[in-house]
Amino acid sequence: MNSNKYLPILVCGFGAAVLTTVPYIKSFSCCLIIPGASFAALYLNLRVNNLSLPITTKSAIVYGLLTGVVAALFSSAFEVLITYITHSNDFVATLPQTESAMRSLNLGSILDQSMGLLNKMSSEIVTNGFSLLYTIAIIFSNIIIDSVFGIIGGIIGMVVINKRT
């Protein structure tokens, strides 16, 4: 088995995760950073392992998916670590605006239950620096979003690389 097969995925996924923790760059994570990391992982895989072209759709999807999952796991770990150290994050900072926006929708008892859960998560983060429910939610949402955009980046990378040769 080739030990370099998953190295581009790990390197590009880790690099994307680091970039997604930078405050102003993080807003471009889903539409530019994750697809770019998948494209880079596909390209590096060709160069490191001396593979022949054309790249198949299956391998592009797999590389995009795995790069997205690796980026999601690392970025979630960084987010939880930074939250633990600072006892604050974007969720805690924007919760009052979220509550006022949700109250304007007049959702009734569902709103009260939801806001109770969100306030509990916020208070756990402020007091302990950690909330298990927040951690599960951030990991789950990052895996879904980063996987989808990773697959898109892998497919775009496949089309670009196959067209250039």
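For the structure given in this document, a descriptive report is provided here. (Residues numbered from 1 in each chain as written. Predicted model: local features only at pLDDT ≥ 70, side-chain atom pairs only at ≥ 80, totals over all residues. Heavy atoms only, no water.)

**Describing the overall build of the protein chain**
Here is step 1: For the protein chain, the helix and strand inventory stands at 6 helices and 0 strands.
Here is step 2: Overall, the protein chain shows an N-to-C arrangement of helices and strands of α-α-α-α-α-α.
Here is step 3: C-alpha atoms of the protein chain, sized along the principal axes, occupy 60 × 35 × 30 Å.
Here is step 4: Burial status across the protein chain gives 33% buried among its 165 residues.
Here is step 5: Nonlocal contacts in the protein chain, meaning residues at least 24 apart in sequence, comprise 75% of its contacts between residues at least 6 apart.
Here is step 6: Total accessible area on the protein chain stands at roughly 9700 Å², and carbon and sulfur atoms take up 71% of it.
Here is step 7: Each charge sign in the protein chain was given a centre, from 8 positive and 6 negative side chains, and these centres are 23 Å apart. (Helix = DSSP H or I, 4+ residues; strand = E, 2+ residues; numbered from the N terminus. Buried < 20%, exposed > 50% of the residue type's maximum accessible area, 1.4 Å probe, protein only. Contact = heavy atoms within 4.5 Å. Areas by Shrake-Rupley, 256 points an atom, 1.4 Å probe, with all protein chains shown as cover. Lys, Arg positive; Asp, Glu negative; His and termini not counted. Charge placed at Lys NZ, Arg CZ, Asp CG, Glu CD.)

**Things to note about the packing of aromatic side chains**
Here is step 1: With the rule as written, the count across this model stands at 4 aromatic pairs.
Here is step 2: Between Phe-74 and Phe-78 the ring centres are 6.4 Å apart and the planes differ by 25 degrees, which places this aromatic pair in the stacked class. Highlighted residues: Phe-74 and Phe-78, both in helix H3 (residues 57-86), separated by 4 residues, approximately one helical turn.
Here is step 3: Judged by relative accessible area, Phe-78 falls into the partly exposed class, the value being 21%.
Here is step 4: In textbook terms, an aromatic cluster arises when at least three aromatic residues are bridged by ring pairs, as seen for Phe-14, Phe-74 and Phe-78. (Phe/Tyr/Trp six-rings, centres within 6.5 Å; stacked < 30°, edge-to-face > 60°.)

**Side note on the side chain of Ser-75**
Here is step 1: Tracing the backbone shows Ser-75 in helix H3.
Here is step 2: Of the polar contacts made by the side chain of Ser-75, one reaches the backbone oxygen of Ala-72; its length is 3.2 Å.
Here is step 3: Among residues more than four places away in sequence, those in contact with Ser-75 are Ala-17, Thr-20, Asn-142 and Asp-146. (Polar contact = N/O pair within 3.5 Å; in protein donor to acceptor, adjacent residues only side chain to side chain.)

**Some points on the pattern of salt bridges**
Here is step 1: All chains considered together, the criterion is met by 4 salt bridges.
Here is step 2: A salt bridge links Lys-26 to Asp-90; the shortest N-O distance between them is 3.2 Å. Of this pair, Lys-26 sits in the loop between helix H1 (7-19) and helix H2 (29-49) while Asp-90 is found in helix H4 (residues 90-103), placing the two residues 64 residues apart along the sequence.
Here is step 3: Asp-90 sits in the partly exposed class, given a relative accessible area of 47%.
Here is step 4: A salt bridge links Arg-103 to Glu-99, with the nearest nitrogen and oxygen atoms 3.1 Å apart. (Salt bridge = Lys/Arg side-chain N within 4 Å of Asp/Glu carboxyl O.)

**A short note on H3**
Here is step 1: The first and last C-alpha atoms of H3 sit 43 Å apart over 30 residues, in line with the 44 Å expected at 1.5 Å per residue.
Here is step 2: Just beyond H3, the residue with positive phi is His-87, at close to 60 degrees. (Expected span 1.5 Å × (residues − 1).)

**Points about the nonpolar core**
Here is step 1: Ala-16, Leu-42, Ile-55, Ala-60, Tyr-63 and Met-158 are the most contacted members of the largest nonpolar core, which totals 16 residues.
Here is step 2: Contributing elements (two or more residues each) for this core: H1, H2, H3 and helix H6 (132-164).
Here is step 3: No other element matches H2, which puts 6 residues into this core.
Here is step 4: Apart from residues lying up to four places away in sequence, Ala-16 is in contact with Ile-33, Ile-34, Ala-37 and Ala-71.
Here is step 5: Residues Phe-91, Met-115, Ile-125 and Tyr-134 belong to the second largest nonpolar core, which totals 10 residues. (Core = buried A, V, L, I, M, F, W, Y, C linked by side-chain atoms within 4.5 Å.)

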